[in-house]
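# Coordinates in review
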Amino acid sequence: GPEPATPTPGPEPATPTPGPEPATPTPGPEPATPTPGPEPATATPEPPTPTPAVDADGDGYVAAVDCRDDDSTIHPGAEETCDGVDEDCDLEIDEGVTAIFYADGDGDGYGVAGDTLEGCAAPAGYALVSGDCAPSDPAIHPDAVEVCNRLDDDCDGEADEGIETTVYFADIDGDGYGDPASTLEDCSLPAGFVENGLDCDDVAATVNPAASEVCNAVDDDCDGSVDEDVEVAYYLDADGDGFGDPAVTQDACDVPDGYVDGAGDCDDGDPAINPAASEICNGLDDDCDGILPDMEADLDGDGLTVCGDQDCDDQDAGVGPDGDSDADGVVNCYDTDDDNDGLTDLEEIDGLITGFVTDPLDPDTDGDGVSDADDAAPVHAACHTELLFYDDFSADPAPEWNLVKGTWTWDPAEGTYENIDVQSGNVVWIGERDWADYVMEVRMRPDYNGGDPGIMFRVTEVSTTNDGGAHYYFGLYPSGDVVKLGFMNGSWNTWIAASVVIDPGVFYTVRVWLSGSAIQVEFDDELLVDTTDGTYDHGSIGLRTYNSPASYDYVLVCR
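Residue positions are given per chain, counted from 1 along the sequence in the order it is written. Restriction of local features to residues with pLDDT of at least 70 applies here, the model being predicted, together with a cutoff of 80 or more for giving and counting side-chain atom pairs; totals for whole chains, interfaces and linings are based on all residues. Values shown for side chains rest on all heavy atoms present in the structure; no hydrogens or waters enter the calculation.

## Observations regarding the overall build of the chain
The cut-off we apply is this: Runs of E in the DSSP output that reach at least two residues are strands. Runs of H or I that reach at least four are helices, and both are numbered from the N terminus. Residue contacts follow a heavy-atom distance rule, with two residues in contact if any of their heavy atoms lie within 4.5 Å. Each accessible area is a Shrake-Rupley estimate made with a 1.4 Å probe; only the visible protein chains count as cover when residues are assessed.
Check the secondary structure of the chain and you find three helices and 25 strands. Across the chain, every contact between residues at least 6 apart in sequence was considered, and the portion connecting residues at least 24 apart equals 40%. Of the roughly 30,100 Å² that the chain leaves accessible, carbon and sulfur atoms contribute 52%.

Below is the structure:
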């Protein structure tokens, strides 16, 4: 503070002012010498009376040096306190006793070093301690506890120090697998990162260790191999016949030029030799089945082959070509039309399959192997008097067929009448016919290993319900290898079942003989049923499937 004032001394006693020197008289005549009289007296001035020193507050300092003589705590030498008063009378207020306060905008008790005020007490919004590194976040200050948040919570210049960290991997494509070359060490999983670095292409979400390898020249599953186990083996097709050489392959995603996806060519230099070729008589394996047909071989070593020399028995060197009765260039043992009538031997004896087309030179109408001239019943082996109905489905099904239920279609390629519904009670019948005794013959094929396709006979009533109508029913049950005979009258009644082998996709011939109450059923020429029943004694015929598609090749009814 200012130096204490030096006390002002009282006024010095006045020094008497000497009077003026007497003028030196101009010499002249000497005056007369006066008569001495008494000398006048000289006056001596009195010194001034000093002003008494005043110490009004009794603090030992007079008012002349005491800057507040009305307050005993204020005087030179007093201890300065921070109160906005000059206690020591040095003309400075609160010198040496004020504090620096720091702006504390977030109220966490710590201020910012660059924004200060000096004073006795902290103003509002200021703190006595500096060091806040986040002045707008009260959770961040030098006394805070460091937590995992990638922030310097305790303002020591480090973020998340002392907290366990993990290396995370960037997952740009969001497929759950990270880029091993793009990492971040952190104490918690950051957004856009994952805990593994297994992705081999982090911009393609379809490429990662969990992906399935596809044929695309890319390592989809990140195992270090490209298109492993998904490339297709293609085969060189040097002769361009559509079949490749199994010994020359190339693995690729797409068919390379000059290659095909099917092997099997046993001579890739000859386009006429391949698995689709037909065997011809040339001593070569034309169809690449690895077998030289017996007809091209000389099995008995007699120098004759079947196809080249018409050897009738290539197992016997003593047998060669036999005669050519009809002079058609084909020896008798291989001639399928010995009499040159335009019909093969099979057609001449199989009237059933061909619809009674028989040898016009020696007719055998019923195909039972007995010529009509000698046959007591020449119409058909199963028919003795007349043909009642025949449909071989070589053209549109006969108009007599009436749909009751289901989806029935004609397959012109197979020449079959088919039901394609897998549902119950699909029925067609040929309408109101009233036959008593007759033979019904059907060639049919179950097309599904389940349900039961079959035939109806002596039908007097049909119904769209599962077991409705009134008729007999013979059904094939492929799933159980069994056939069943029964009748329907609002419910299904089975009274005979027989075990047989039934394979889906195979045609079977069913023949029913009806005479009075006698009922016989043949399955592929084997008599399975020989019984009597009088439930129904007349009626029409029909086809029925239950929960199974089926195909019918022909239907024959005769007496």
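## Quick notes on the environment of Asp-392
Cut-off, in case you're wondering: Working definition: with a 1.4 Å probe on protein chains only, accessible area under 20% of the residue-type maximum means buried, over 50% means exposed, and in between means partly exposed. Pairing of N or O atoms within 3.5 Å defines a polar contact, subject to two protein rules: one partner must be a possible hydrogen donor and the other a possible acceptor, and residues neighboring in sequence count only if both atoms are side-chain atoms.
Summarising the element assignment, Asp-392 is placed in the loop between β11 (387–391) and β12 (402–405). A relative accessible area of 30% places Asp-392 in the partly exposed class. Apart from residues lying up to four places away in sequence, Asp-392 is in contact with Gly-415, Asp-553 and Tyr-554. A polar contact of 2.9 Å, which involves the side chain of Asp-392, links it to the side chain of Ser-394.

## Brief notes about the pattern of salt bridges
Put simply, the test is: We define a salt bridge as a side-chain nitrogen of Lys or Arg found within 4 Å of a carboxyl oxygen belonging to Asp or Glu.
By the definition in use, this model includes twelve salt bridges. Measuring nitrogen to oxygen at the nearest pair gives 3.6 Å for the salt bridge that ties Arg-544 to Asp-467. Residue Arg-544 is located in strand β24 (residues 540–546), and its partner Asp-467 is located in the loop between β17 (452–461) and β18 (470–477); the two are separated by 77 residues in the primary sequence. Among the ionic contacts, a cluster of salt bridges with common partners joins Glu-441, Arg-511, Glu-522 and Asp-525.

## Here we look at the sheet that holds strand β5 (residues 166–170)
The criterion, for reference: Any two strands with at least two DSSP bridges between them are considered paired.
If you walk across this open sheet you meet the three strands as β6-β5-β7, and the pairing is antiparallel. Strands with a single pairing partner mark the edges of an open sheet, and in this sheet they are β6 (183–186) and β7 (193–194). Here β5 runs beside β7; their pairing, made up of two bridges, is antiparallel. Opposite Ala-170, over in β7, you have Phe-193 as the bridge partner.

## Here we look at the sheet that holds strand β9 (residues 245–252)
A sheet is described by the order of its strands in space; here three strands give the open sequence β9-β8-β10, paired in antiparallel fashion. Here the strands that pair on one side only, and so sit at the sheet edges, are β9 and β10 (259–260).

## Section: the packing of aromatic side chains
Selection rule: Think of it this way: a Phe, Tyr or Trp ring, Trp meaning its six-membered ring, pairs with another when their centres are within 6.5 Å, and the plane angle makes it stacked under 30 degrees, edge-to-face over 60, tilted otherwise.
Under the definition given, this model contains 15 aromatic pairs. Ring plane angle 45° and centroid distance 5.6 Å describe the contact between Trp-408 and Tyr-417, whose orientation is recorded as tilted. Trp-408 gets classed as buried once you look at its relative accessible area, which sits at 12%. Under the relative-accessibility criterion, Tyr-417 is labelled buried at 8%.

## Focus on the state of the cysteines
Counted only if it meets this: A pair of sulfur atoms, both from cysteines and within 2.5 Å, is called a disulfide here.
A complete count under the given rule lists seven disulfides for this structure. The disulfide partner of Cys-133 is Cys-155, and the gap between their sulfur atoms is 2.0 Å. Sign of the S-S torsion, about -85° for the bond between Cys-133 and Cys-155, identifies this disulfide as left-handed. Here Cys-133, found in the loop between β4 (129–130) and β5, pairs with Cys-155, found in the loop between β4 and β5; they are 22 residues apart in sequence, far enough to count as distant. Exposure remark for Cys-155: the relative accessible area of 18% places this residue in the buried category. Cys-148 shares a disulfide with Cys-187; S-S distance 1.5 Å. Here the S-S torsion is close to 105°, and the disulfide linking Cys-148 with Cys-187 is therefore right-handed.

## Some words on the nonpolar core
Put simply, the rule reads: To define a nonpolar core, start from buried Ala, Val, Leu, Ile, Met, Phe, Trp, Tyr and Cys residues and group those joined through side-chain atoms within 4.5 Å.
Counting 42 residues, the largest nonpolar core has Trp-401, Ile-455, Phe-457 and Ile-541 as its most contacted members. Val-427, Trp-429, Met-456 and Tyr-473 belong to the second-largest nonpolar core, a separate cluster that totals six residues.

## Examining unusual backbone geometry
We note that Cys-222 has phi near 55°; this positive angle belongs to a residue other than glycine. Tracing the backbone through its elements, the reader meets Cys-222 in the loop between β7 and β8 (232–236). Note on Cys-222: relative accessible area 19%, which makes it buried.

## Things to note about the side chain of Arg-511
As for its position among the elements, Arg-511 is in strand β21 (residues 508–515). Looking at Arg-511, its side chain comes within polar contact range of the side chain of Glu-522, at 2.5 Å. One polar contact links Arg-511 to Asp-525, side chain to side chain, over a distance of 3.3 Å.

The values reported here are purely geometric and, on their own, carry no functional implication.
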